[in-house]
Amino acid sequence: MRAAVLHEPRSPVTVEDVELDPPHEDEVLVRVVAAGVCRSDLHFADGVLGDGRWPMVLGHEGAGVVEEVGARVRHVAHGDRVAFCFVPSCAECRPCRAGRPNLCETAGRASLRGTLLDGTSRLHLDSTTLQHCLLTSCFADRVVIAAAGAIPLPEAVPLWQAALLGCGVMTGIGAVRNTAGVRIGESVCVVGCGGVGLHVVAGARLAGAARIVAVDRDPAKLELALRRGATHAIDAAEGGRAVRRLTDGGVDHAFEVVGLPETIRLAWDTLRPGGTAVVVGLAARGAEVSLPAIEFLSEKSILGCYYGSANIAVELPELVQLVVDGRLALGDVVSHFTDLDGVEEALQRLRAGEGARTVVVIDADLAGAPV
Ligand SMILES: [Zn+2]
Ligand SMILES: [Zn+2]
């Protein structure tokens, strides 16, 4: 099968003929139909993520059609449409048993090692074993993933849109719903309005936030945020004070969706006393952030967030229902469509901060994409 391979960090991704082993008993083989290009893929490509073992097939956000299931798989069958979840819960470790499957330790270890849940890879190039990207590797014709990483989808959601559910949508909306617990009438600031930030905006609107202030340095992204329900847009250069002035002393919840120390500080600076900053953005290893400690006196707080603090198997189908009912739009965050050969170019665009999400259409007939 064809797959987009990263041979080593900071080298261009190349599309190659890769061998894919059949699924083990708790795994499924899925024909990939469409995949989103996320900033985490860029972090792998730039060597910011990953523990130094390469090559790797990139891609962790996508959707497709099940072709083969392992002997113990019951919840999906041949022909089912699924979205990928890149933290398939092992159901046995402490976080999984404690109801926090997004923090699954088994999946975390596999992520670091570049394997599936059982610690091995299904991907080979000649005699070399390839790493899985976040237990998925969906910039490819097909994937083998843990069964828990395949979330069933109804017919009503086009697969080019469903491709975005498993990372950007779940992360952005989960951050609002689970990490922050935004309530009706509260005020929200979103720092960074790319592929995930735009879903934070949509989540805040669904949660009934009264004021939603979008902050970015790119006017096009601010425009998109306004269309998704932001009530105000502010250039990042204007800083936290401009947001506080606009919101009567600051917001209840600030979401940082960039992953840089200075934008984390900016999110903090937009808070009112008692407000909470949620860091959704993925920072580079070694990055440190400093905050004025005196402000803890005013009960400002800061929270981490991974995968929207979500129970994905339960919550992703709930989000799908909102999409089916026309209450959550997905397509408008897509700025570009491409194919497997265009993955490298899509990564370059992300690096340059251009556009929102790129969707890699791998099977144009099944994707239903408007291209
Ligand atoms: Zn992602
Ligand atoms: Zn677990």
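Everything discussed here concerns the structure shown above.
Keep in mind that what you see is a predicted model, and the values were worked out from it rather than measured. As a convention, each chain's residues are numbered from 1 in the sequence order in which they are written. Here every chain gets a letter starting at A, and every ligand a number starting at 1, in the order they are written. Since the coordinates come from a predicted model, pLDDT governs what is reported: local features require at least 70, and pairs of side-chain atoms require 80 or more to be given and counted, while whole-chain, interface and lining totals use all residues. Only hydrogens and water are removed before side-chain values are computed, so all heavy atoms of the structure are retained for them.

A. Quick look at the coordination of the zinc ion (ligand 1). Surrounding the zinc ion (ligand 1) are the protein donor atoms Cys 38 (SG), His 60 (NE2) and Cys 167 (SG), which sit 2.1 to 2.2 Å from the metal. Mapped onto the polypeptide sequence, the residues donating to the zinc ion (ligand 1) form the spacing pattern C-x21-H-x106-C. Pair noted here: Cys 38 is in the loop between β4 (27-37) and α1 (39-45) and His 60 is in the loop between β5 (56-57) and β6 (61-69), with a separation of 22 residues, a long-range link. Each member of the pair, Cys 38 as well as His 60, is classed as buried. Keep in mind that water is not among the atoms, so a site may look incomplete; donors are the N, O and S atoms within 2.8 Å of the metal, or 3.2 Å for Na, K and Ca. Here a strand is any run of E in DSSP of at least two residues, a helix any run of H or I of at least four, and the numbering for each starts at the N terminus. Exposure classes here rest on a 1.4 Å probe applied to the protein chains alone. A residue is buried below 20% of its type maximum, exposed above 50%, and partly exposed in between.

B. Spatial organisation of the coordination of the zinc ion (ligand 2). Protein ligation of the zinc ion (ligand 2) involves Cys 90 (SG), Cys 93 (SG), Cys 96 (SG) and Cys 104 (SG), the donor distances falling in the range 2.3 to 2.4 Å. Around the zinc ion (ligand 2), the four donor atoms are arranged such that angles at the metal cover 103 to 123 degrees; this shape is classified as tetrahedral. Counting the intervening residues between successive donors of the zinc ion (ligand 2) yields the motif C-x2-C-x2-C-x7-C. One end of the pair, Cys 93, is in the loop between β7 (81-84) and α2 (94-97); the other, Cys 104, is in the loop between α2 and α3 (105-113), with eleven residues separating them in the sequence. Its relative accessible area of 3% is what places Cys 104 among the buried residues. Note on geometry labels: four donors, all angles 85 to 135 degrees, give tetrahedral; four donors become square planar and six octahedral when opposite donors are over 155 degrees apart and every other angle is between 65 and 115; remaining cases are irregular.

C. Examining the pairing of β7 more closely. Side chains Arg 81 and Ala 83 of β7 all project onto a buried face; the interleaved residues Val 82 and Phe 84 project onto the opposite face, where all are buried too. In this analysis, strands are considered paired if DSSP registers two or more bridges between them. Alignment of β6 against β7, held across three bridges, turns out to be antiparallel. Bridge pairing in β7 links Gly 64 to Val 82.

D. How the structure looks around the nonpolar core. Leu 58, Phe 139 and Phe 255 are the most contacted members of the largest nonpolar core, which has 104 residues in total. Any two residues whose heavy atoms approach within 4.5 Å are treated as being in contact. Excluding its chain neighbours within four sequence positions, the residues that come into contact with Phe 139 are Ala 3, Ala 4, Ala 35, Gly 36, Val 37, Asp 41, Val 57, Leu 58, Gly 59, Leu 340, Val 343 and Val 360. Note on terminology: a nonpolar core comprises buried Ala, Val, Leu, Ile, Met, Phe, Trp, Tyr and Cys residues joined through side-chain atoms within 4.5 Å. Val 191, Val 243, Trp 268 and Ala 277 belong to the second largest nonpolar core, which has 14 residues in total.

E. Structural detail: the environment of Tyr 307. The residue Tyr 307 is located in the loop between β18 (301-304) and α10 (312-324) in this model. Looking at Tyr 307, the relative accessible area reads 2%, which means it is buried. The spacing of Tyr 307 and Ala 369 is 62 residues in sequence and 26 Å in space, taken between C-alpha atoms. Leaving out residues up to four positions away in the same chain, Tyr 307 has contacts with Phe 84, Cys 85, Phe 86, Val 87, Asn 102, Gly 166, Cys 167, Met 170, Thr 171 and Ile 312. Pairing of N or O atoms within 3.5 Å defines a polar contact, subject to two protein rules: one partner must be a possible hydrogen donor and the other a possible acceptor, and residues neighboring in sequence count only if both atoms are side-chain atoms. From its side chain, Tyr 307 meets the backbone nitrogen of Phe 86 in a polar contact 3.3 Å long.

Any link to function would need more than the numbers given here.
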